[in-house]
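What follows is each chain in one-letter form.
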Amino acid sequence: MEKKLIYLCAINNIESGICPEDCSFCTQSTKHKANITRYSKKSIQAVVQEAKIAKKNKAVGYCLVTAGARMDDEKVEYISKIAREIKKTIDINLIACNGMATYEQLKQIKKAGVDSYNHNLESSRSYYQNICTTHSWEERFQTCLYIKKAGLNLCTGGIFGMGEDIKDRDELIQNIKELEPKSTAINFFHPNDALPIPKNSLSIDEAFGIIKTIKDSLKKGTKIMVAGGREYMFKDKQYQIFDYGANSIVIGDYLTTLGTTVSKELSTIEKLGFDISQDCH
Ligand code: SF4
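Residues numbered from 1 in each chain as written. Predicted model: local features only at pLDDT ≥ 70, side-chain atom pairs only at ≥ 80, totals over all residues.

A. Structural detail: the site of the ligand. What surrounds the ligand is the set Cys19, Glu21, Cys23, Cys26, Gln28, Ser29, Ala67, Gly68, Ala69 and Gly99. Taken together, the residues of the shell around the ligand sort by class into five nonpolar, four polar and one charged. (Near = placed C-beta within 6 Å. Nonpolar A, V, L, I, M, F, W, Y, C, P; charged D, E, K, R; others polar.)

Written out as structure tokens, the structure reads:
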């Protein structure tokens, strides 16, 4: 029997925690005063070096994440410079995740070498007012449409366990389906004392059910990534996500929380009988 292929993606928080928005799930909002490391743009050299490490760690995707609600000219320039440098020497699916963006900005970074753009809807349209008041869900959805129009591969998803009910979850899954993304990022809320959302509201079984529903709802071939909150949500059952339809995970650390050690992750995946994909197709 053919082994199931697992796709690994590394994320790099290239600008961290300097965001004036009020997203209630996010430690990078300055409003919540979470105890995290905050810094402005990393050097291009460091980001390229970290891309080489990601490739060595078998990541097929490398995601450049900046804090903040939107792209601006400075970020377009910064991401474009990084993209050009990385693409000179490293064969990797380059993903940008820099918030809401215009069609023109997305075209520019694509031209510089970015392959994909991650922009999560975060929640359903109906629930969004409960988790963010400083920008609109509609603007997020529109960005996803621009991403596709600009010819970038769309990765979109959301966060589960923020107190939403089943109706909200179904609505979000329907919204993701409408966008027909190339891949989806399923995140599970990771609580932090500084955040207004007190706890993750899901049971493990509900979380597994969400992965299965998403897998069954999206087009065949869509990559199903379980991203942030995997270890927190599933603990010693975390690799069972692959039985429920996930085929992609984040390798290494997350934006502001630590992930599983890379060597341990790689050996566990192989020990469980999965193959790690060598490319993103
Ligand atoms: S806009 Fe992004 S970085 Fe800023 S608080 Fe919201 S999720 Fe966090």
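B. View of the environment of Gln278. In this fold, Gln278 is placed in the segment after strand E10 (275–276). Sequence separation of Gln278 and Ala59 is 219 residues, and the distance between their C-alpha atoms is 8.1 Å. (Helix = DSSP H or I, 4+ residues; strand = E, 2+ residues; numbered from the N terminus.)

C. Region of interest: the packing of helix H2 (residues 73–89) against helix H3 (residues 103–112). Interhelical geometry of H2 versus H3 gives an angle of 20 degrees and a closest axis separation of 8 Å. It follows from the interaxial angle that H2 and H3 lie roughly parallel. In this structure, H2 crosses over H3, and the sense of that crossing is right-handed. Where H2 abuts H3, its residues Val76, Ile79, Ser80, Ala83 and Arg84 lie against Gln105, Gln108, Ile109 and Ala112. Residue composition of the contact of H2 with H3, grouped by class: five nonpolar, three polar and one charged. (Axes fitted to C-alpha atoms, helices over the stretch in contact; angles between N-to-C directions. Parallel < 35°, antiparallel > 145°, perpendicular 65-115°, else oblique. Left-handed = near helix turned anticlockwise from the far one by under 90°. Contact = placed C-beta atoms within 7 Å.)

D. Fine view of helix H1 (residues 44–56). Helix length check: H1 (13 residues) gives 19 Å between terminal C-alpha atoms against 18 Å at 1.5 Å per residue, within 8%. Tucked inside the fold, the buried residues of H1 contact strand E1 (5–15), strand E2 (61–66) and H2. Just downstream of H1, Lys58 is the residue with a positive phi angle, here 75 degrees. (Expected span 1.5 Å × (residues − 1).)

E. Main features of unusual backbone geometry. Phi at Lys33 takes a positive value of approximately 55 degrees, unusual for a residue other than glycine. In this structure, Lys33 sits in the loop between E1 and H1. With 9 C-beta atoms packed within 10 Å, Lys33 lands in the exposed category. Unusually for a residue other than glycine, Glu180 sits at a positive phi of about 45 degrees. Here Glu180 lies in the loop between helix H5 (166–179) and strand E7 (183–188). (Buried ≥ 20, exposed ≤ 12 C-beta atoms within 10 Å, placed from the backbone.)

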